[in-house]
Structures are given as C-alpha cells and as structure tokens.
Amino acid sequence: MSGSDERLLATLRDFFTPGRPDRLGVAVSGGGDSTALLCLLASWRSDGGPEIAAVTVDHGLRPEAADEARAVADLCARLGVGHAICRWAGWDGRGNLPDQARRARQRLIADWALARGIGAVALAHTRDDQAETVLLRLARGSGVDGLSAMAPWRNAHGIDWVRPLLGTPRQDLRDYLTRHGIGWAEDPTNEDERHDRVRMRKALAGLAPLGLTAVRLAETAGHMARARAALDTVTAGLARDACRIEAGDVLIARAAFERAPEEIQLRLLAHAIRWVTSAEYRPRFAPLSEARAALAADRRRALAGALLSATRRVIRVTREYRAVASLAVGPGEVWDRRWRVLGPAVENAEVRALGPDGLRMLADPRASGLPHATLIASPAVWSGARLLAAPVAAGGSEWRAEPIFDAESFVQALFAH
Ligand SMILES: Nc1ncnc2c1ncn2[C@@H]1O[C@H](COP(=O)(O)OP(=O)(O)OP(=O)(O)O)[C@@H](O)[C@H]1O
C-alpha cells in the first residue's frame, strides 16, 4: 500500500473516530468520487473498518445509467460488498428535474438503508464540491448558514448522512483509482456548462492563482460552520428561556427578544415561522428582516404562511388563516401537518379551519382567551357549512384536537444541526 493510500485510509479512520458504526451504507453513483469511496471503505473493512453495503440509484434519465449501475454491481461483486440498485420512475415531467431527482434519490437511499437496519450512509462529496458550494452560495448572497456549505454529518429521512471526504481533493481520489486500475464513469452533466456548478468549477481554476483556492473556500466553510453552531446555540438558549407554545403558536417574551442581537432575533423568528408552518426552508432574509422591523414598530406582518404580531409583552407567531383556508381532511387524518382531530363517527364530517365564519357561530368566541388570528386558523369539524365542533377554540364537545407537533421540539430542533 502506498503512502497516499495510507493517508486516504487515515482520513476515513479519523472521520469515524470516535463513534465508528458497525455497519455503513455507501451511496455509489459510479462516478470517480463515490467509486473511490467504495473501494477505500472496502479496503478499510479488511483492516478493522465497518461492514459496508452499497446502493446505486438509477434515475433512468440517461441511456447509460443502467450500464453504469451494473458496472458498480460488478465492482461490488469483486470487492465482496453487497449492492442494490434502486430505480426511480417518478418524474412526472414537471418541476425542476435535478432537484426532484436529488430528493427522490435521498428518499430511495434512506428507505434502502432503513429496510436493512443501516443507520448511516456515506456520500462522496469532496473538498472541491465543498469549495464549489461556497462559491455558489456567495453568488446568492448567503450568510453564515449558507456559507457553512455542506455538513460532514446530518440527519434526514430517518438516517445519518456522512461525508468523510469533505476535506479530500477530488484529484487524490482519481489518482487512487488510477493507481489501482479501477475505472469509473464520467457523467456528461459534470461538463455541461448550463449548470451553475460546472461554471463555478471552471471559474475556480481561474481564481486559484489569486489565492481563492478550493482549500481556502473549504476553510471558509469550516469557519462558518463553527460560527453557525455557536449562533444556533445562543438562539436555542433564547428559545428555551423566552418562548412558550400556546395552541400551536410560538410566544416570545418581547423584552428578552429585544435584548438579543439582531442576528439572534432573526434566527429565532425564522425558526418560529418554520416551526409553525412546517416549512422546509427558512424565509428569505429581506422579508424576514422587514418583518422584524415591523414588529419593533408594533405592526403585524404575514410571512411565509405565518402571521407575526406583537403586544407590549409578547411577540406571537401564528399560523396564517389564509394559508390553511382551503385545507380539508377527514377526521383522524393529519391536518396542516400539525393537528389530528378525533371524535365520534359522523358521516360527511370534515376537518377545516374554523375561519371567521365558524368563529361567529360559536356561542362564546372569547371563551378560550386565544386571539382572533389563532382561533380562525385552528382546526374545526364541519359538515358542509354546519360547524360541528371547534376543539381548540371551544371545549365541551366530543371532539378533541391532538397536536402532532411536540412543544419540546421547538427548542430541540435548533440543536439538530
Ligand atoms: N445515482 C446515485 N446513486 C447512488 N449514490 C449517488 C448517486 N448520485 C450521487 N450519489 C451520491 O451522492 C454524492 C454526491 O452526488 P453528486 O451528484 O454531487 O455526485 P456525482 O456527480 O454523481 O459524483 P461521484 O459519483 O463522482 O461522487 C455522490 O458522491 C454519491 O455518494
């Protein structure tokens, strides 16, 4: 084994120390990076590394894809590594194809791992991928979170995704394969200049003589990741000390909020909005910053499906009625990803927002003490235009609204990065 091979193996060992899993999944596209990761993990396995199993997703989008997946299967057979091919046949011809393909791939790989009791899957992103990501994020005006680029570890879809090669140059992996006479597939989209990432890769070559190298950009990502973790910790502290959950709303003690630095205020608001709306992404900076200024001036703002309002003592982040006005599910089903309304079997019963009409039908609309905005966005049971129950707004019926959300998760999610 050459010294270069030894260094690559040491990278893997260091990455997984402490906490080396007994079994590890590896996602292999058949490209150079993931083929090298597969071979390195197989080599480590025979020297004390974890058991491994490999998976390839055939998106069925390029004619060569099936052959490439078979080539990975052949290589795995030679290495004595179990391998599965998952096929994606889900594209409906609409939407952003690369994005849909990536999401489908993640779900397929996670399902593959979960079905085998594999808790962690390794991806082969390299230092060059990291540097390209930083450049792409710079071009979008990202802040600390965006510039921290890809995390070496993250949990999603019920499994851990790990990137042990984030500090390794792509060329080192290609050299490794060449040294060992192992071939790989070149994905033609990696040369297609219609992709921003490809143009960034080419631009990097021109920027390197100015000192803007992949090494430097990856270092920036590392600094930003540490800063991000610190900011998240402070935000979580504020969430723990100054926030409570009421009927699914986030209530923030205003004095404590206003004492916090602007960056922490923005992070807490973004987190509260995401939590209340179950959104995948945080709101964009400009409208978020504008909403913060509006609150400081005692004005309300609707943002990304949430309604933000302030009284003298409390900032309240509520689900916006307009965002849920057209949602309808059967009793017992999840409504707005947040509530499940349960009650007696009634034909034609439907769960919809209470809305202003429903609120007017209540005998005592003020009984719960909750604000108007919270009440109209709360789940209610309807039969056509007839209100059967409003379990959040008014008790005393056979119907109850079970929160799907967990109030504890509001603080805990901030520690999850
Ligand atoms: N079709 C696929 N099947 C399984 N894993 C994949 C697939 N595509 C990508 N991956 C995994 O995700 C990682 C990142 O994907 P990305 O699209 O950036 O890589 P890639 O261009 O396919 O390159 P490579 O295989 O050389 O890493 C890959 O390194 C690999 O671990």
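Computed from a predicted structure; not experimentally measured.

## A look at the environment of Ala185
Following the sequence through the fold, Ala185 ends up in the loop between α7 (170-179) and α8 (196-207). In this view, Ala185 contacts Gly30, Gly31, Gly32 and Glu68; residues no more than four positions away in its chain are not counted.

## Some remarks on the sheet that holds strand β16 (residues 386-389)
Spatially, β14-β15-β16 is the arrangement adopted by the three strands of the open sheet, whose pairing is antiparallel. Unpaired on one side and paired on the other, β14 (350-353) and β16 mark the two borders of the sheet. Averaged over all pairs of adjacent strands, the angle between their axes in this sheet comes to 50°, without regard to strand direction. Examined bridge by bridge, strand β15 (residues 379-383) and β16 share three bridges and lie antiparallel to one another. Note on β16: the bridge partner recorded for Val381 is Ala389.

## A look at the packing of helix α5 (residues 127-139) against helix α9 (residues 214-242)
Direction vectors running N to C along α5 and α9 enclose 70°, while the axes themselves pass 8 Å from each other. Comparing the axis directions of α5 and α9 gives the class roughly perpendicular. Taken together, the residues of α9 that come into contact with α5 (itself represented by Arg127, Asp128, Gln130, Ala131, Val134 and Leu135) are Ala214, Val215, Leu217, Ala218 and Ala221. The residue inventory of the contact of α5 with α9, partitioned by class, reads eight nonpolar, one polar and two charged.

## Some thoughts on the packing of aromatic side chains
Overall, the coordinates contain five aromatic pairs when judged by the stated rule. Summarising the aromatic geometry, the rings of Trp275 and Phe410 are spaced 5.6 Å apart at their centres and angled 80° between planes, so their arrangement reads as edge-to-face. Pair noted here: Trp275 is in helix α11 (residues 262-277) and Phe410 is in helix α16 (residues 407-412), with a separation of 135 residues, a long-range link. You can call Trp275 buried: its relative accessible area is 11%. Ring geometry for Trp339 versus Phe405: centroids 5.2 Å apart, planes at 85°, classification edge-to-face. A residue pair is termed long-range when its members are at least 10 positions apart, and Trp339 in strand β13 (residues 339-342) and Phe405 in the loop between β17 (400-403) and α16 qualify at 66 residues. Neither Trp339 nor Phe405 differs from the other in exposure class; each is buried. A connected cluster of aromatic rings, assembled from ring pairs, spans Trp275, Trp339, Phe405 and Phe410.

## Topic: the site of the ligand
The environment of the ligand is formed by 16 residues, the closest being Ala27, Ser29, Asp33, Ser34 and Val57. One nitrogen or oxygen atom from the main chain of Asp33 is found 3.0 Å from an oxygen atom belonging to the ligand. Ser34 is positioned such that a nitrogen or oxygen atom in its side chain is 2.6 Å from an oxygen atom of the ligand. Considered on its own, the ligand offers 570 Å² of accessible surface; in the complex 83% of this is hidden by protein. Taken together, the elements giving at least two residues each to the shell around the ligand come down to α2 (32-45) and β2 (51-58).

## So, the side chain of Ser378
Topologically, Ser378 is positioned in the loop between α15 (372-376) and β15. Reaching out from Ser378, the side chain makes a polar contact with the backbone oxygen of Leu375 at a distance of 2.7 Å. In contact with Ser378, not counting residues within four places along its chain, are Trp335, Arg352, Ala353, Leu354, Val392 and Ala393.

## What about the pattern of salt bridges?
Counted according to the given criterion, the structure contains 40 salt bridges. Across the pair Asp192 and Arg194 runs a salt bridge, and its minimum N-O distance is 2.7 Å. Taking the relative accessible area as the measure of exposure, Asp192 reaches 17% and is therefore buried. By relative accessible area, which is 71% here, Arg194 ends up exposed. Its salt-bridge partner being Arg319, residue Asp336 comes within 2.8 Å of it at the nearest N-O pair. Taken together, the residues Asp336 in the loop between β12 (334-335) and β13 and Arg319 in strand β11 (residues 314-319) connect sequence positions 17 residues apart. Owing to a relative accessible area of 11%, Asp336 belongs among the buried residues under this scheme. For Arg319, a relative accessible area of 11% gives the class buried.

## Topic: the domain arrangement of the protein chain
Under the domain assignment used here, the protein chain contains domain 1 (3-212), domain 2 (222-320 + 409-415) and domain 3 (322-405). Listed as interface residues are 15 residues of domain 2 and, on the opposing side, 14 residues of domain 3. The contact between domain 2 and domain 3 buries some 1200 Å² in all, and 57% of this surface belongs to carbon and sulfur atoms. Counting the contacts that link domain 2 with domain 3 gives two salt bridges. In this structure, Glu320 engages Arg322 in a salt bridge whose closest nitrogen and oxygen atoms are separated by 3.5 Å. Linking domain 2 to domain 3 there are seven residue pairs in polar contact (both at pLDDT 80 or more). Sorting the residues of the side of domain 2 that touches domain 3 by element identifies β7 (243-246), α11 and β11 as the ones contributing at least two each. Considering every element that reaches the side of domain 2 that touches domain 3, the biggest residue donor is β11, with three residues. A class-by-class count of the residues in the side of domain 2 that touches domain 3 yields five nonpolar, four polar and six charged.

Conventions used here
- Along each chain, the written sequence defines residue order, and numbers are assigned to residues from 1.
- Reporting of local features is limited, given that this is a predicted model, to residues whose pLDDT is at least 70; pairs of side-chain atoms are given and counted only at 80 or more, and all residues count toward the totals for whole chains, interfaces and linings.
- Each side-chain value is derived from all of the structure's non-hydrogen atoms; neither hydrogens nor water enter the calculation.
- Elements are defined by DSSP. Helices are runs of H or I of four residues or more, strands are runs of E of two residues or more, and each kind is numbered from the N terminus.
- Contacts are residue-level and defined by heavy atoms, with any inter-residue pair within 4.5 Å sufficient.
- Between any two strands, at least two bridges found by DSSP are needed for them to pair.
- Axes here mean lines fitted to C-alpha atoms, for a helix over just the part in contact, with angles spanning 0 to 180 degrees between N-to-C directions.
- The cut-offs work like this: below 35 degrees is roughly parallel, past 145 is roughly antiparallel, 65 to 115 is roughly perpendicular, and the gaps in between are oblique.
- Basically, the charged four are Asp, Glu, Lys and Arg, the nonpolar ten are Ala, Val, Leu, Ile, Met, Phe, Trp, Tyr, Cys and Pro, and anything else, Gly included, counts as polar.
- We call Phe, Tyr and Trp rings a pair once their centres come within 6.5 Å, taking the six-membered ring for Trp, and we label the pair stacked below 30 degrees between planes, edge-to-face above 60, and tilted otherwise.
- Exposure categories follow from relative accessible area, calculated using a 1.4 Å probe and restricted to protein chains: below 20% of the type maximum is buried, above 50% is exposed, and the middle band is partly exposed.
- Nearness is defined per residue: one heavy atom within 4 Å of the molecule or strand is enough.
- Any N or O atom pair separated by 3.5 Å or less is treated as a polar contact, with the protein-specific requirement of one donor-capable and one acceptor-capable atom, and with residues adjacent in sequence counted only for side-chain atom pairs.
- For accessible areas, the Shrake-Rupley method is used with a probe of radius 1.4 Å. Any residue's cover is judged against the shown protein chains and nothing else.
- Here, a salt bridge means any side-chain nitrogen of Lys or Arg that lies within 4 Å of a carboxyl oxygen of Asp or Glu.
- Note that the domain bounds reflect an automated or database-derived domain assignment.
- The term buried area refers to how much accessible surface (probe radius 1.4 Å) is lost by two components on association, counted for both of them together.

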